[in-house]
Amino acid sequence: MASDTQHASSLDELKHLIRTCPVIDNHAHNILRPHQLKSANFLTITTEATGDALEDAPKSLAHLRAAKQLRKLYDLSPGADWATIVGKRAENLERDADALMKKCFEGTQTILIDDGLDSGANIERWSWHDKYTLSPCKRIVRIETVAADILSALHQQGKLPVGVAIADEEACSLAWVTFITEFESAILGALDDEAVVGFKSVVCYRTGLDVQVGRDIEVTEDGLRSFRRDYLPDCVARHFRVEAKHTNDALVISVCKLIAAGYQQRGIAKPLQFHTGLGDNDISLLESNPAYLQPLIKQFPTVPIVLLHSAYPYTREAGYLATVYKNVYLDIGEVFPMVSRDGQEKIVRQALEITPTSKILWSTDGHHFPETYWLANVQGREALEKVLCEYVEMEDLSVEQALLATKDILFNNSNRLYSLGLELKLDGGQELVRRPKDADGEETQTQTPNGLVTGDIAPDSGDAEAPMTSPYDFSTLSSFTARHPEVQIVIVQWPDFLGTLRSRWLPINSFRGMIEAGGRIGISKGNLGTLQNDHVTPVCDPVGQVMVEPDLASLRLMINRDCSPTATVMARFVDEAGGPLDLCPRAQLQKSVEALERENQVRPLVGFEIEVTFCRRRTPRTTTDVSDGQHEPEDVFEPFDTNHAWGTLTDEQLVNAFPLVTTMATALKDIGTELQTFHSESGAGQYEFVLPPLPPVQAVDTLVQARQCIQQVAAAHQLRATFHPMPFQGIGTAAHAHISLNGRTLDMEALDNLERSFMASVLEHLPGLCAFTMPQAVSYNRVVDDSWTGGTWVAWGTQNREVPLRRVGDVSGGKGSRWEVRCLDGTANMYLALGAIVAAGLAGVRGGVVMTMKDCTVNPTKLSAVQKYELGITQNLPTSIGQAVEALEHDHDLTTALPPGMVHHYLSMKRAEQEMLDEMPEAERQESGEKLTSELEHARGTALIGALLARSHAAKSLAYKLPPSTTVQLSRTEPYDLTRLWTLKHEPRPDVILNRAFDLERNGVSYEDVGQGMSQHADVSYVTGWENEPPVIGSNDGPKHSVNNLTKGAVEQGTKRSRQDSVISRDSRANLPPGVPANVAQLIADIKAIKRNKQDLPIRKPLREAPILLGHFARNQGTLKKDSPLMEWYGDTRIFSMEWWEHLTGTTASEYGSSRQQTPSAAR
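Rules behind the numbers
Residues numbered from 1 in each chain as written. Predicted model: local features only at pLDDT ≥ 70, side-chain atom pairs only at ≥ 80, totals over all residues. Heavy atoms only, no water. Helix = DSSP H or I, 4+ residues; strand = E, 2+ residues; numbered from the N terminus. Buried < 20%, exposed > 50% of the residue type's maximum accessible area, 1.4 Å probe, protein only. Contact = heavy atoms within 4.5 Å. Areas by Shrake-Rupley, 256 points an atom, 1.4 Å probe, with all protein chains shown as cover. Phe/Tyr/Trp six-rings, centres within 6.5 Å; stacked < 30°, edge-to-face > 60°. Expected span 1.5 Å × (residues − 1). Patch = residues over 30% accessible without salt bridge, like charges linked within 9 Å, V, L, I, M, F, W, Y side chains within 5 Å. Salt bridge = Lys/Arg side-chain N within 4 Å of Asp/Glu carboxyl O. Axes fitted to C-alpha atoms, helices over the stretch in contact; angles between N-to-C directions. Parallel < 35°, antiparallel > 145°, perpendicular 65-115°, else oblique. Left-handed = near helix turned anticlockwise from the far one by under 90°. Nonpolar A, V, L, I, M, F, W, Y, C, P; charged D, E, K, R; others polar. Pairing = 2+ DSSP bridges. pLDDT = per-residue confidence, 0-100. Core = buried A, V, L, I, M, F, W, Y, C linked by side-chain atoms within 4.5 Å. Lys, Arg positive; Asp, Glu negative; His and termini not counted. Charge placed at Lys NZ, Arg CZ, Asp CG, Glu CD.

Visitor: Before we move on, could you go through the overall build of the chain and cite the residues and values that matter?
Guide: Scanning the chain from terminus to terminus reveals 37 helices and 32 strands. For the chain, with 1164 residues in total, the buried portion stands at 59%. Put simply, 74% of the contacts in the chain that link residues at least 6 apart link residues at least 24 apart. When the accessible surface of the chain is summed, it comes to about 46,000 Å², and 50% of that surface belongs to carbon and sulfur atoms.

Written out as structure tokens, the structure reads:
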């Protein structure tokens, strides 16, 4: 009897130790951050299943047992169903998440955290867990994550050859050496980091545990060959995940060599953990057998190797390796709570069959949810107690031996192996982990049969490969859904030609099914030709179908707490056969980028600045005048804050704006977008977020989704985030793009010449490009001088913010200069705008364009005309959308550089858009939130010469050929004052160049007209001078200005005319001057009779329908036909221009209202 009592007492001591001994959790993962912790799918805690397979998890023994134990954890009744459990959990997290954490981590000495499972945006930092453990936590570095991060960085720096560049063996070899060097440097840094106690490899997931060892030269050669052949071709699509057999093997071997070298030098070796066995369906079950590691184990006997996850179902094989090799250890984690009770006990028994207890390690593999830690510890202690107590009862072990085995497995073995230096302190009484009890108060001892359920929440997961014909890499979707199992909806989205974001919304199962089947979304071809309000345009063709193909590489979470968990993905257009579509701006951008890379061995990177103004509602949207029912607009929004300037953080900002923008920065990080910086801008309520440099298509994808995120966070705070070019007076908002061309294979001189050729062509086509980059009338409110907005001249300059193209730095070390495109705003379709820029630059490189324009290092407005000309600054930017559209129309080379029909399609839509705006009442425009100004309204404040022209010349433009040794440049200082002329410079250019205020072109007017033209159209009444003396140009009643170096021939051709004889007077214009052809007189009469808006300007649609234009108007071009007799009278194709209207109706711009205000802009 005494012996039985003593035996029972001994077993109680053993049970107490097993239940109370602090554990060193040698392998686990980070807890999710609060938002993800509440929204992630809790069903995954007991299964490795994902996707559809997860639906059956509630019927597994592992789930049913865990549910019963969770009822105890949450103090629920035994009959509570799963929905009640999940609801109670949510309540606990909301009420006191910290208390739940403490309860779940109770009894944990420390955790060795592999923080490479998820992105940092979704998880708590590894050190965050310190608050719930008895000792500080430590890091386990996942080597494949280190490799992927380095490769991604190399790609962003242009050091990773992709596409056709892979054919360059030297470039690939250099990239391989660079990568391995940086990888080994990172590993060495981790070896020296006290916070890092070990490493982990998931080569089991990637290419299997059959790591090929051999001589160093063989490993290196095989790695390089695999890197070039198997990794580089699709590394970008796979997000730089390394899945090339010999490349993966080389990484493992490299780490082993460094660990071994560290042991030889310091006598300490940090262990290398391997995922083995149990995993999701991305794993090759056969190749997850740890027996494959035997050659590697033999090759590196001083490298401690830990076989994780009980190697289930290969526990016996792992136990054998841990038995016969001194450097091998067996971890018995993850099976708790993933396997049934009976299965767990069998696994513990199998581990103990031949494996010394000094070689067995404890872990939970806890991840994401704190309950996974709790369940693992509860169930693991139960299994260990059951097995060890039976061995004691069967007298296979003494109590003392079982006590020692318990301490070793739960604490001592990991403490020694990872050199933690911790002291085991046993609690004198209270059980640190309490065993759940049933309704009668008895400890639960339910026996269940063995069962295995697969699936894991890991970035490495993926389903079976998609069919060969599929355009998708299904593993990308699998990886995303594994990391974000909570996602229920996927928004497939794309911007149309005018920049409106269009989309289709798919439930996750529908989206997954489409991707698995290699399917796409079909939309009408007509959707490519509709306006923002779905009104059709001349290029709207409802016959035919366009296929929308998601790019899985752009999958991102959407931050919106008011709807089901949602993701967004950007898409491209293809035809029904899957071929590229010429009218897809995204595909055109990608095609141009690939051509630039392939032909020049460079890697372009683009980084965007997001300038945004935050607004709050101030008053009701509109008021209604009862008398006429008309809605009058009100300024219903005001800036969110006003007490700030560029780069400030005032008290007001600190209280209001700073929490907002930091929340946005965190939200962007949560969706995978790491900001480089963010700060306040100059305008009230205006802030800037700087995105990282990325490949061009990825950069635009990131820009679109980042803007969405910012707007969604703002909306959640009852604010509006707008990227409008000028939402408030004096607050200009841009969307600057930083472009660099990078190439390791080019020397500095070659790279500098290449990028200068690229940028010279961009400058050459910049007026036409503005139609893409600044596509709205209001965009040109920012085209002003002395406001840090890029100025009004086509020019470039180093660190010059008063030019539209700013160079930020010089070429160095394979990195190109960074060039900032400043004439770009948030209303643009960025795929189209950036695609046009790259296409223009590529055309210049192909054509060998030389940068003749010099570096402008001062504000152009501070330069004289001579100084500007010496720098090559002779052209102005467009000051209206009309001018930009016209420049694009006449830019044949740019049109040719873009896909066939793209420019025509875009211009047709822009004209239709402008017609819509022309016909829209002002109140309706403001109600739409766009505040767009029509082309005609925008032009009314510009000083035009159309009303001053004689009937024999066009309002559009005037230019005169001079002798090959003379250039004359005119400029104005005040509206309508054309008497002031700048000094003229003698140069071998046969042009007269008049600045942007007059919008002149070179039309080949005869030299004889020079003097006549000056006197007739520039208020100049005489030209005099001699060959050896500067001539004088002046007027009868105005100042005289010197004109240098005009030839004697030019002087002799000068004539003296009276303005009254050459310029139509106001009175004569009212009644039409004599000699006007009858058809033109009829046209004027028709125009005067048609409907006009309140500014007394003609409305385009009725004007187009004027009878006199029938047979003369090329409707698809928006101009008069060249053979129209009307051309003979005024020689102009811009029949809807302000100046043409002024000329025909005898009115001037000033009669339509005040000039357009040139307000300073805050955009930098």
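Visitor: Explain helix 25 (residues 881-889) residue by residue, including any values.
Guide: The buried count for helix 25 comes to 7 of 9 residues, which makes it a mostly enclosed element. Turning to helix 25, its buried residues are Ile881, Gly882, Gln883, Ala884, Val885, Glu886 and Leu888.

Visitor: With reference to specific residues and values, describe the environment of phenylalanine 637.
Guide: Examined against the element boundaries, phenylalanine 637 turns out to sit in strand 18 (residues 637-639). For the pair phenylalanine 637 and cysteine 615, spaced 22 residues apart in the sequence, the C-alpha separation amounts to 5.9 Å.

Visitor: So what's going on with the packing of aromatic side chains? Residues and values would help.
Guide: By the definition in use, this model includes 16 aromatic pairs. Note on tryptophan 176 and phenylalanine 227: the rings are 5.3 Å apart at their centroids and 55° apart in plane angle, and the pair reads as tilted. Of the two residues, tryptophan 176 is situated in helix 6 (residues 169-192) and phenylalanine 227 in helix 8 (residues 216-231); the sequence distance between them amounts to 51 residues. Just as tryptophan 176 is buried, phenylalanine 227 falls in that class too. Ring geometry for phenylalanine 336 versus tryptophan 362: centroids 5.6 Å apart, planes at 25°, classification stacked.

Visitor: Let's hear about unusual backbone geometry: which residues, and what values?
Guide: That bond from tyrosine 312 to proline 313 is cis: its omega, 10°, falls within 30 degrees of zero. In this fold, proline 313 is placed in the loop between strand 6 (305-307) and helix 11 (315-324). Residue phenylalanine 336 is joined to proline 337 through a cis peptide bond whose omega torsion reads 10°. Within the secondary structure layout, proline 337 lies in helix 12 (residues 335-338). Even without glycine at this site, aspartate 75 takes up a positive phi of about 60°.

Visitor: Residue-level account of helix 27 (residues 902-919), with values.
Guide: Spanning 18 residues, helix 27 covers 26 Å between terminal C-alpha atoms, matching the ideal 26 Å at 1.5 Å per step. Burial runs high along helix 27: 16 of the 18 residues are buried.

Visitor: Which residues make up a nonpolar patch on the surface, and what values do they have?
Guide: On the surface, Leu649, Leu654, Val655 and Phe658 cluster together to form a nonpolar patch covering roughly 380 Å² of accessible area. Within the fold, leucine 649 resides in the loop between strand 18 and helix 19 (651-670).

Visitor: Hey, could you go over the packing of helix 18 (residues 585-600) against helix 23 (residues 830-847) for me, with residue numbers and the actual values?
Guide: Where helix 18 contacts helix 23, the axes come no closer than 8 Å and their chain directions differ by 30°. Classed by the angle they form, the pair helix 18 and helix 23 counts as roughly parallel. In this structure, the crossing between helix 18 and helix 23 has a hand that is left-handed. Between helix 18, through Pro585, Arg586, Gln588, Leu589, Ser592, Val593, Ala595, Leu596, Glu599 and Asn600, and helix 23, the contact on the second element is made entirely by Tyr831, Leu832, Leu834, Gly835, Ala836, Val838, Ala839, Leu842, Val845 and Arg846. Tallied by class, residues from the contact of helix 18 with helix 23 come to 13 nonpolar, 4 polar and 3 charged.

Visitor: How would you sum up the packing of helix 14 (residues 370-393) against helix 15 (residues 399-417)? Please name residues and give values.
Guide: Contact geometry of helix 14 with helix 15 gives a least axis separation of 10 Å together with a crossing angle of 155°. The orientation of helix 14 relative to helix 15 falls into the category roughly antiparallel. Considering how the two elements wind past one another, helix 14 and helix 15 form a crossing that is right-handed. Within the contact between the two elements, helix 14 uses Arg381, Leu384, Leu388 and Val392 and helix 15 uses Val399, Ala402, Thr406, Ile409 and Leu410. Across the contact of helix 14 with helix 15, the residue classes break down as 7 nonpolar, 1 polar and 1 charged.

Visitor: Break down the pairing of strand 15 (residues 603-617) for me, with residues and values.
Guide: The buried count for strand 15 comes to 13 of 15 residues, which makes it a mostly enclosed element. Sheet topology places strand 15 next to strand 20 (residues 686-690); 5 bridges connect them, and they run antiparallel. Each residue of the ladder has a partner; that of valine 612, found in strand 20, is tyrosine 687. Sheet analysis places strand 15 next to strand 21 (residues 720-722), joined by 3 bridges and oriented antiparallel. Along strand 21, the bridge assignment pairs threonine 613 with threonine 722.

Visitor: Account for the sheet that holds strand 6, naming residues and giving values.
Guide: Here we have 8 strands laid out as an open sheet, ordered 1-2-3-4-5-6-7-8, and parallel in their pairing. Sheet topology places strand 1 (23-28) and strand 8 (360-361) at the edges, where each strand pairs with a single neighbour. Across the sheet, helix 14 touches strand 1 and strand 2 (108-114), and the angle it forms with strand 1 is around 125°.

Visitor: Help me get a handle on the pattern of salt bridges, residues and values and all.
Guide: Scanning all chains against the criterion turns up 41 salt bridges. Of the charged contacts, one joins glutamate 382 and arginine 65 as a salt bridge, the two residues approaching to 2.7 Å between their closest N and O atoms. Of this pair, glutamate 382 sits in helix 14 while arginine 65 sits in helix 3 (residues 61-73), and the two are 317 residues apart along the sequence. According to the relative accessible area criterion, glutamate 382 is buried, its value standing at 5%. In this structure, the salt-bridge partner of arginine 586 is aspartate 551, at a minimum N-O distance of 2.9 Å. Linking arginine 586 in helix 18 with aspartate 551 in the loop between strand 12 (545-550) and strand 13 (556-558), this pair joins segments that are 35 residues apart in sequence. Residue arginine 586 is classed as buried on the basis of its relative accessible area, which comes to 6%. Because the salt bridges share partners, they merge into one network encompassing Arg520, Glu549, Asp551, Arg572, Arg586 and Asp701.

Visitor: Kindly report on the pairing of strand 10 (residues 501-507), identifying the contributing residues and their values.
Guide: As judged from the 7 bridges shared by strand 9 (residues 489-495) and strand 10, these two strands associate in the antiparallel manner. Paired with glutamine 493 across the two strands is serine 503, which belongs to strand 10. Connecting strand 9 to the next strand, strand 10, in antiparallel fashion are 5 residues, including glycine 499 with a positive phi near 95°.

Visitor: Pulling in residues and values, what's your account of the environment of phenylalanine 480?
Guide: Considering the arrangement of structural elements, one finds phenylalanine 480 in helix 16 (residues 474-483). The class of phenylalanine 480 is buried, set by a relative accessible area of 5%. Placed 76 residues apart in sequence, phenylalanine 480 and arginine 556 show a C-alpha to C-alpha distance of 8.4 Å. Ignoring sequence-local partners within four residues, the contact set of phenylalanine 480 consists of Val487, Leu555, Arg556, Leu557 and Ala567.

Visitor: How would you explain the confidence of the model for the chain if you had to name every residue and give the values?
Guide: Put simply, the chain has an average pLDDT of 75, and 72% of its residues get 70 or more. Taken as a whole, residues 621-634 scores under 50 in pLDDT and shows 23 contacts with residues more than four places along the chain or in a different chain. Taken as a whole, residues 1091-1104 scores under 50 in pLDDT and shows 46 contacts with residues more than four places along the chain or in a different chain.

Visitor: I'd like to hear about the environment of proline 78, residue by residue, with values.
Guide: In this fold, proline 78 is placed in the loop between helix 3 and helix 4 (82-104). For the pair proline 78 and alanine 67, spaced 11 residues apart in the sequence, the C-alpha separation amounts to 9.7 Å.

Visitor: For the side chain of histidine 484, give the residues involved together with the corresponding values.
Guide: Note on placement: histidine 484 falls in the loop between helix 16 and strand 9. Residue classification places histidine 484 among the buried positions, given a relative accessible area of 6%. Once you skip the residues sitting within four places of it in the chain, histidine 484 turns out to touch Asn122 and Leu557.

Visitor: Could you give me a rundown of the nonpolar core, with the residues and numbers involved?
Guide: Grouped together as the largest cluster of nonpolar side chains are 134 residues, with contacts concentrated most on Phe511, Phe608, Phe614 and Phe689. Dropping the residues within four chain positions of it, phenylalanine 689 is found in contact with Phe608, Glu609, Ile610, Val612, Phe614, Val661, Met664, Leu668, Leu675, Thr677, Phe678 and Ile710. If you look at the next biggest cluster of nonpolar residues, it comprises 94 residues, including Leu251, Leu258, Ala269 and Ile360.

Visitor: Tell me about a negative patch on the surface, and name the residues and values.
Guide: Where like charges cluster on the molecular surface, the negative patch consists of Asp52, Glu55, Asp56 and Glu516. Following the sequence through the fold, glutamate 516 ends up in helix 17 (residues 508-516).

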